[in-house]
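# Results of the structural survey
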Amino acid sequence: MLEPMTPPDESDRMRELWELQLLDTPPEERFDRLTRLAQRLFGVRTALVSLVDHDRQWFKSRQGLDAFQTPRTISFCGHAILAEGPLVIQNALLDPRFADNPLVTGPLAIRFYAGMPLLGPKGHKVGTLCLIDPSPREFGTDDVAALRDLAALVMLELANKELTQAMETARESAFRLRQITDTVPALIAYRDQNQRFIFHNKAYEEVLNMGFEQIHGHTIGELLSPQAYGPVHDKAKEVLRGYPVRYERTFVTQKGESRIYDMQYFPRYGDGADADRVIGYFSLGADITELKRIDRMKTEFISTVSHELRTPLTSIRGSLGLVLGGVAGELPEAAKSLVDIANNNCERLIRLINDILDSEKIESGHLRLELKAVDIVQLVRQALAANQGFADQHQVALVLQAPGAPLPIQADSDRLMQVVTNLLSNAVKFSPAGGRVTLAVSRAGQCVRLEVMDKGPGIPEAFQGRIFQKFSQADASDTRQKGGTGLGLNISRALVNKMGGQIGFASQEGKGTTFFCEFPESHAPGAAPLAAAPCAVQPAASRPRILHVEDDPDIRRIVAAMVQGSAAFTSAATLGEARARLGEGRFDLIMLDLALDDGSGWSLFDDIDGLAPRPPVIVFSASDKSPEHASRKVEAVLVKSQASDGELLKAIQSVLRSAGHGQTPDALQSEFQG
Amino acid sequence: MSAPLCRILYVEDQPDIRLVAKMALEVVGKFTVVACASGQEALDCAPHASADLLLLDVMMPGMDGPGTLQALRQLPATADTPVIFMTAKVQAAEVALYKAMGALEVISKPFDPMKLSDQIRQAWAARA
C-alpha cells in the first residue's frame with residue numbers, strides 16, 4: 001500500500017482549510033444536497049465532501065457512509081489532492097497503490113473511486129468531492145466533466161465564508177445559551193403548542209431523572225405519570241390560551257427528596273399572520289424548597305409568640321374583667337379608675353397582637369378569604385349596631401344612609417366587617433364629642449360604594465401620603481390617646497384589595513374626613529338590582545328589632561323592604577338559623593312562617609317562650625287553620641295570600657305599639673302610608 | 001327542646017386561666033363548673049361529672065384538647081356531650097377543623113370574662 005505523499009504547499013493548504021472553519025461542524029444542507037445529487041447522478045453507493053486534515057480526512061457531507069472520518073494514511077483523497085485533475089480508480093484491486101488498502105480489503109470493499117480536488121478560495125486543494133462504490137466501473141470523459149461541474153458547486157459553497165461564519169456565530173450563541181441555562185439552578189424549557197419539549201436545560205433532566213433524548217421532542221404527558229400530569233395539563237392548557245400561569249409543583253429527586261418549585265409559564269405568540277396566536281410557551285421553575293421552609297418557620301414563630309403572649313393575657317384580661325364586673329365586690333372609685341386603665345391597655349395589647357398576626361398573614365399570603373355574595377347593606381347595619389356602644393362612649397352619633405334593597409358584592413363578610421369596623425372606629429375616635437359619623441352605602445356606576453364620613457380635624461396634608469403605611473399615625477401621641485395599633489388602615493387596605501375593591505379617602509383639615517371603599521357589584525342570581533335611594537333612618541339602637549323566620553327569599557326581601565329604615569330587620573331561612581339569631585340578640589318582634597325546611601315553625605315556640613322578655617309573635621304563613629293556634633300565645637295571625645302589605649304593616653305597628661314601641665308606628669306610618 | 005345548660009366539664013392546664021374562667025362561669029354565668037387541669041384528670045372526672053357541656057382548652061401538654069375529646073368520646077357519660085373549644089391560636093383553618101370535629105363554638109383567648117357565659121349560652125341555644 002502506498003501512503004499518500006504530503007503536497008508541497010501543505011502548510012498553506014492547512015491554513016486555508018482551517019480558515020474555512022468547516023472542520024467538525026454539523027452537517028449542512030447546502031453540501032448535503034450536492035452529495036445526494038452526485039450519489040444519484042452516478043449511481044454510486046457513496047458520495048462525500050472530504051476535507052483532508054493533518055492526519056485524517058473528515059467528511060463535511062456524506063451519503064452512504066457511516067464513518068465521519070478515516071486516517072489520512074489510508075485515504076484515497078490524500079492521493080487525489082496531489083494532482084490537478086480527478087483521481088479515478090476503476091478497480092482498486094488492480095491498482096498496486098490500493099490493492100492491499102484496508103478500505104479495499106476490509107468490509108467497505110472499495111473497488112471504484114473517483115475524486116475531484118476541491119480548491120479553497122486561495123487555490124489550495126483542501127479536499128475532494130469523491131464517489132465510492134464496491135463494484136468496479138468505467139468512468140468516461142462525460143462522467144469526469146459532470147463530476148468537475150459538481151465539484152465547482154461544492155467549491156462555491158466552501159468559499160461562502162459569510163454563511164459559514166454566520167453558522168458559526170449561531171452555533172456559538174447556541175452553545176453559550178446552553179452553557180448559561182445549564183448552569184442556572186432553575187428549570188428552563190420551551191414547549192410548542194403540542195406541549196413538545198423544543199428546548200430544555202440540564203436541570204430538567206436532573207429533576208425528571210431522564211436523559212436529553214428522553215425529554216427532547218416529547219410531550220410532558222409522555223414523561224409524567226397520569227397523576228402527576230393531571231394538574232400540569234390544566235396549566236398548559238391555560239397558558240396555551242394566552243394566560244401566564246404560576247403554580248407550585250413538587251418533584252421527587254433521584255435521592256427521594258421532595259423539592260418544591262415555583263413554576264411559571266409564559267405564552268409565546270407567533271409572528272406575522274400568527275401574531276395573535278400562541279405558538280408555544282416558556283416554562284421557568286425556581287426551587288423554593290428552602291424559602292418555604294424558612295417561611296414555615298416564620299409562621300410557626302409568629303403563631304407560637306402569639307400563643308405565648310395570649311396565655312398570660314388571658315389571665316390578666318380575665319382577672320381585670322371580673323374585678324371591673326364587680327365579681328370581687330364593689331371597688332373604691334380610685335381603684336376602679338386604675339383597674340380601668342389596666343383593662344383598657346390590656347385590650348389594646350390584645351388588639352395589637354391580633355393586628356400583627358393579621359398583618360403577617362397578609363404579607364405571607366396565608367390570609368384566605370371566603371368570597372361569596374354579601375349584602376353590603378345588611379352588613380353595614382350590623383357594623384353600625386356593633387359599634388354603637390363605642391360611639392356612645394365617645395358621644396358620637398352614628399347615621400346610616402343606605403338603600404332599601406340589598407346591594408350584593410363579592411366579599412368575605414367577617415373581613416369586610418373588620419374593615420367597616422376599623423373605618424367606623426377611626427371616624428368615631430377622631431370626632432369631637434357630640435359629633436356625627438355618617439356611614440353611607442350607594443351604587444356608583446358598576447360599583448358599590450361605602451363611605452364613612454366624619455367631621456373631625458381632618459388628616460394633615462403632609463401625612464396623607466403615608467396614611468396606609470404600617471404603624472403610621474399623624475401624631476405620635478395619637479397612639480396613646482386614641483388607642484389604635486397603627487396597623488388598622490394598612491390591614492383594611494390589604495383586605496379591600498384582596499376582595500377586589502379599592503380604598504381611598506378625601507380629607508380637609510378642620511372640616512373632616514371621608515374614607516371610601518368601592519367594590520364591583522356582584523350580580524348573584526336572585527339579587528334584584530334596584531336603584532339606590534338613600535333614606536334617613538333612625539339610629540339603630542332605638543329601632544325595634546324584628547326577626548323574620550321565612551324560607552321564601554322573595555317574601556323575606558319584600559318584608560325587609562317594607563320595614564326598612566324603621567326597624568332593625570334580621571331574617572332566618574330555617575329553624576336552625578332562627579335559633580342561632582335568637583341566641584345572638586334580643587328581638588322586639590318575631591314574624592314566623594310555619595312550613596319551614598327543617599320543621600314546623602311551631603317548634604320554635606319552645607325557644608321563644610323561654611326568652612325574657614318574651615317577644616310578641618306574628619304568624620305569617622300560608623294557612624290559618626292549625627290546632628296549635630289555640631295552645632300557643634300568638635299576637636297576630638296573617639295569611640300570606642290574603643293579607644295586603646298594608647294589613648301586614650298595620651299588624652306589625654299595632655303589635656309593636658302594644659309592646660311599648662310608641663315611636664315606631666309613626667315612623668312606619670309616615671314611610672309606608674303613601 | 002333546648003334543655004337548660006347547667007353543668008360544664010372544663011379542662012385547662014393553666015391554673016390562672018382555670019381559676020379566672022371558672023369564676024367567670026360560676027359567678028357571672030351561674031353554671032356549675034367541674035374544672036380539670038389535664039385531659040387525664042378530665043377522663044377521671046367525666047363519669048361522675050354529669051356534664052351538659054365540655055369546655056376544652058386546645059393546647060395542653062400531654063393530651064391536647066382534640067385528643068382529650070377523642071378519649072372522652074369513648075366514655076358512655078360523654079359519648080355525645082356537646083363540646084366547645086377554647087384556643088389562643090385562632091386560625092381560620094383551625095377553627096374549621098374543630099367545628100368539623102363537632103364543636104359548637106371555638107372561643108378565642110383572651111376571652112372577655114363578663115361575656116364568656118353569654119357566648120357559651122348562645123352556642124348552646126344555637127346547636128341544631
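These remarks concern the structure in this document. (Residues numbered from 1 in each chain as written. Chains lettered and ligands numbered in written order. Predicted model: local features only at pLDDT ≥ 70, side-chain atom pairs only at ≥ 80, totals over all residues. Heavy atoms only, no water.)

Moving on, we get to the overall build of chain B. Of the regular secondary structure elements, chain B holds 5 helices and 5 strands. Scanning chain B from its N terminus toward the C terminus, one meets helices and strands in the order β-α-β-α-β-α-β-α-β-α. For chain B, the exposed area adds up to about 5500 Å²; of that, 56% sits on carbon and sulfur atoms. (Helix = DSSP H or I, 4+ residues; strand = E, 2+ residues; numbered from the N terminus. Areas by Shrake-Rupley, 256 points an atom, 1.4 Å probe, with all protein chains shown as cover.)

Moving on, we come to the environment of A:Leu369. Mapped onto the fold, A:Leu369 is located in the loop between α12 (333–364) and β12 (372–375). C-alpha of A:Leu369 to C-alpha of A:Asp414: the two residues are 45 residues apart in sequence and 9.1 Å apart in space.

Moving on, we come to a nonpolar patch on the surface. Residues and elements named next belong to chain A. Taken together, the side chains of Phe266, Phe282 and Leu284 present a nonpolar region at the surface, about 240 Å² in accessible area. Assignment of secondary structure puts Leu284 in strand β11 (residues 278–287). Given the relative accessible area of 35%, Leu284 is considered partly exposed. (Patch = residues over 30% accessible without salt bridge, like charges linked within 9 Å, V, L, I, M, F, W, Y side chains within 5 Å. Salt bridge = Lys/Arg side-chain N within 4 Å of Asp/Glu carboxyl O. Buried < 20%, exposed > 50% of the residue type's maximum accessible area, 1.4 Å probe, protein only.)

What follows deals with helix α5 (residues 113–126) of chain B. Its 14 residues place the ends of α5(B) 21 Å apart at the C-alpha level, agreeing with the 20 Å of an ideal helix rising 1.5 Å per residue. Within the sequence span of α5(B), burial applies to B:Pro113, B:Leu116, B:Ser117, B:Ile120, B:Ala123 and B:Trp124. Seen end-on, α5(B) carries its buried residues on one side only, within an arc spanning 130°. Buried residues along α5(B) sit in contact with α11 (289–324) of chain A together with α1 (15–28), β3 (53–57), β4 (83–87) and β5 (103–108) of chain B. (Expected span 1.5 Å × (residues − 1). Arc of directions from axis to C-beta. Contact = heavy atoms within 4.5 Å.)

All names here are of chain A. Ordered in space as β3-β2-β1-β6-β5-β4, the 6 strands form an open sheet in which the pairing is antiparallel. Edge positions in the sheet fall to β3 (69–71) and β4 (87–89), since each of these pairs with one other strand and no more. For this sheet the average axis-to-axis angle between neighbouring strands, irrespective of direction, equals 25°. Here 6 bridges tie strand β1 (residues 46–52) to strand β6 (residues 125–133), and the two strands are oriented antiparallel to one another. (Pairing = 2+ DSSP bridges. Axes fitted to C-alpha atoms, helices over the stretch in contact; angles between N-to-C directions.)

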